[in-house]
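Summary of the model geometry
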Amino acid sequence: MEEQAGIERRRAQRYDYPSTIEFCPEVVTCSPQQRAVTINISSLGLCAYLFNTYPRGAKLYLKSELPVKHCIATVQWVRQKEDGLFLTGLHFIDTPQTV
């Protein structure tokens, strides 16, 4: 199926959420922790600027507290920006944790 430009595909309402978060690309070592700057968030995922690129499907383990109680996300898409950052769409894949 061909993607059509300008069509909104989101299944959940997005909310502005500018924040710095920490994550690990591997759950075992988690060294060093990586940082990202979020743009927006929903109950299903978030969009953030990352300093490194990760392949589609890569699991990232979120270490920062978020307004939603998820801790594992997968990379859905990546767009390299002129400033060397990577605009990245993440989809939460774990069941929300209870507080």
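Now for a look at the structure at hand. Within each chain, residue numbers correspond to sequence positions counted from 1 in written order. Whole-chain, interface and lining totals are the exception, using all residues; otherwise, since this is a predicted model, local features are given only for residues with pLDDT of at least 70 and side-chain atom pairs are given and counted only at 80 or more. In computing side-chain properties, one takes all heavy atoms of the structure into account and sets aside hydrogens as well as water.

Let us now look at the sheet that holds strand β5 (residues 72–80). In any sheet, the strands associate via hydrogen bonds between backbone groups, in a parallel or an antiparallel arrangement. Think of it this way: DSSP has to see at least two bridges between two strands before they count as a pair. Segments assigned H or I by DSSP are reported as helices when at least four residues long, segments assigned E as strands when at least two residues long, and all are numbered from the N terminus. Here we have six strands rolled up into a closed barrel, ordered β1-β2-β3-β6-β5-β4, and antiparallel in their pairing. Mean inter-strand twist for the sheet, computed between neighbouring axes without regard to direction, equals 45 degrees. Every angle, taken between N-to-C directions, lies between 0 and 180 degrees, and every axis is a line fitted to C-alpha atoms, over only the stretch in contact when it is a helix.

Within the secondary structure layout, Glu22 lies in strand β1 (residues 15–24). Under the relative-accessibility criterion, Glu22 is labelled partly exposed at 25%. Considering only alpha carbons, one finds Glu22 and Leu60, 38 residues apart in sequence, at a separation of 9.9 Å. In this structure Glu22 touches Gln33, Gln34, Arg35, Tyr61, Leu62, Lys63 and Ser64, once residues within four positions along its chain are discounted. Only protein chains enter the calculation, and the probe is 1.4 Å; a residue is then buried if its accessible area is under 20% of its type maximum, exposed if over 50%, and partly exposed in between. Any two residues whose heavy atoms approach within 4.5 Å at even a single point are treated as in contact.

So, on to the packing of aromatic side chains. Stacked, tilted and edge-to-face pairs are distinguished by plane angle, under 30 degrees for stacked and over 60 for edge-to-face with tilted covering the rest, among Phe, Tyr and Trp rings (Trp via its six-membered ring) whose centres lie within 6.5 Å. Under the criterion given, the structure shown has one aromatic pair. Seen in terms of ring centroids, Phe23 and Tyr54 are 5.9 Å apart; in terms of plane orientation they differ by 80 degrees. Their pairing is edge-to-face. One end of the pair, Phe23, is in strand β1; the other, Tyr54, is in the loop between β3 (45–50) and β4 (59–62), with 31 residues separating them in the sequence. When its relative accessible area of 14% is taken as the criterion, Tyr54 is described as buried. Positioned over the ring face of Trp77 is Arg79, at 4.3 Å from the centre of the ring. By definition here, charges over rings are those cases where NZ of Lys or CZ of Arg is within 6 Å of the ring centre and within 35 degrees of the ring normal.

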